[in-house]
Every structure is written in C-alpha cells, then in structure tokens.
Amino acid sequence: MQSDGGEGQRLRDSDWARATAKLPIACVDVLPVQYGQDQRVSRIGLIRRSWPDSDRQVWCHVGGRVLIGETLLTAAERHLRDSLRWRAHPAIAASPYFVNEYFTEPGIGEGWDPSKHAVASCFLAEFDPTETPRHQGDEAMDFRWFGLEELPDSSEMWPGTMAMIRHPA
C-alpha cells in the first residue's frame, strides 16, 4: 500500500498504479554536498540503491515524492532523514536549484524512471566536512562521498543523477 500523505489515508496499490499511469508525480531530489575552501562543491554524497525489479545496484541522489500538504523543503528534509543518519543537521537550500523530469521511456529527457513520470524539484544539502552520514531505511543500501574527479561512471548512476551534479549552484 502506498501512503498518499493525507490524514493517514492510504492508496491501494491499484489506485497508485492508476495515478502513476495517468499523472506526473511531484518529487524532490536532494544532493548532499560539501564545499571546499573556495566555496565550490568539492564532494557529492550518493546512496547506493536497487534498480527497480532487478538485482542491479546504482548510485543515486536522495529523494522521492512529495506528500499531500507537504512543502518541498519539508519533503526534502523527510527524505534525507529517511535515507541517512547524521550528527549535525545539514543546511538545505531554501529553494530548488534545478528541476529535473523523469520519463518512463529513456532518452526523452535527462531523467528516466521506468515506474513513473515525475517532476522533481532538486535541492542541495550542505553537510559539515567532518560529517559522514550513514545509510538507513529500505532504499539506501550504502552512502559514500565522491570527489568531483572520482564520481562513478554515469552507467553506474540512476538516470538523472548526473544532470543534478552538472547543475549545482
């Protein structure tokens, strides 16, 4: 069962499937970052997650859908909390720096999600340089910081993650 976020109501799987077949889903994507002394992004944090209906694992940003009545910023905070554990609270940018679209067919845009068409407001979350969050929850199987010169190959990333990395403010 999928939660729709409204007053504890739940959507039956068949209703969720019908909604995702007919409507784009509002999502937030969060890119954990650390800044260098030059105030530019120096490291990017990615989670390891399973590709839908497969044993394949890919590196991915944090994120997911926005619930009914939830602000974009609150959704970004919730997804960070659900996927990662950390000691110091990250500073999440007040507004999105990029909008990404995920289509069910590859090649239409920069993002691809075989399960749904989604429109994602993308946020940067600044973590303390001494902080190494740990993965948690069902989706995140691992977490790792990557220097910009050591990012995984795009074939090892969720389609759309590289677009977020190329567009940081």
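On a predicted model such as this, the values are computed, not experimentally measured, just so you know.

Here is what the cut-offs are and how they apply
- Residues numbered from 1 in each chain as written.
- Predicted model: local features only at pLDDT ≥ 70, side-chain atom pairs only at ≥ 80, totals over all residues.
- Heavy atoms only, no water.
- Helix = DSSP H or I, 4+ residues; strand = E, 2+ residues; numbered from the N terminus.
- Rg over C-alpha atoms; globule rule 2.2 N^0.38 Å.
- Buried < 20%, exposed > 50% of the residue type's maximum accessible area, 1.4 Å probe, protein only.
- Contact = heavy atoms within 4.5 Å.
- Core = buried A, V, L, I, M, F, W, Y, C linked by side-chain atoms within 4.5 Å.
- Pairing = 2+ DSSP bridges.
- Expected span 1.5 Å × (residues − 1).
- Polar contact = N/O pair within 3.5 Å; in protein donor to acceptor, adjacent residues only side chain to side chain.

**Student:** Before we move on, can you summarise the overall build of the chain with the specific residues and values?
**Tutor:** For the chain, the helix and strand inventory stands at three helices and 13 strands. Taken against the 2.2 N^0.38 rule, which gives 15 Å for 169 residues, the C-alpha radius of gyration of the chain at 16 Å falls within 12% of a compact globule. Structurally, the chain occupies a C-alpha span of about 50 × 35 × 30 Å along its principal axes. When the 169 residues of the chain are sorted by exposure, 43% land in the buried category. In the chain, of all internal contacts separated by at least 6 residues, the share reaching a separation of at least 24 is 66%.

**Student:** Please give an account of the environment of Ile68 that cites residues and values.
**Tutor:** Structurally, the position occupied by Ile68 is in the loop between β6 (62-65) and α2 (72-83). On the accessibility criterion, Ile68 (62% relative accessible area) is exposed. A C-alpha to C-alpha distance of 14 Å links Ile68 and Ala19, two positions 49 residues apart in sequence.

**Student:** Can you tell me about the nonpolar core, naming the residues and giving the values?
**Tutor:** Leu31, Leu80 and Leu84 are the most contacted members of the largest nonpolar core, which has 42 residues in total. Mapped by element, the contributors of at least two residues to this core are β3 (25-35), β4 (41-50), β5 (57-60), α2, β9 (98-103), β11 (118-126), β13 (142-147) and α3 (161-166). Residue contacts for Leu80: discarding those within four places in its chain leaves Val30, Pro32, Val62, Trp86, Pro90, Ile92, Ala125 and Phe127.

**Student:** How would you explain the pairing of β4 if you had to name every residue and give the values?
**Tutor:** Here β3 runs beside β4; their pairing, made up of three bridges, is antiparallel. From the neighbouring strand, Gln34 faces β4, where its bridge partner is Arg43. Turn length for the β3-β4 hairpin, with the two strands adjacent in sequence and antiparallel, is five residues, and the turn residue Gln39 shows positive phi of about 65 degrees. For β4 and β13, the ladder comprises six bridges, and the chain directions are antiparallel. Counterpart to Gly45 in the pairing with β13 is Trp145. Judged from the four bridges that link them, β4 and β5 form a sheet pairing that is antiparallel. Bridging from a neighbouring strand, Ser50 pairs with Gln57 of β5. Here β4 hands over to β5 after six residues, with Asp53 in that stretch at a positive phi of 55 degrees.

**Student:** So what's going on with α2? Residues and values would help.
**Tutor:** With 12 residues, α2 extends 17 Å from end C-alpha to end C-alpha; this agrees with the ideal 16 Å at 1.5 Å per step. Among the residues of α2, those classed as buried are Ala75, Ala76, Arg78, His79, Leu80 and Ser83.

**Student:** Can you tell me about the side chain of Thr20, naming the residues and giving the values?
**Tutor:** For Thr20, the position within the fold is in helix α1 (residues 13-22). A relative accessible area of 14% means that Thr20 is categorised as buried. Here Ala17 takes part through its backbone oxygen, which lies 3.2 Å from a polar atom of the side chain of Thr20.

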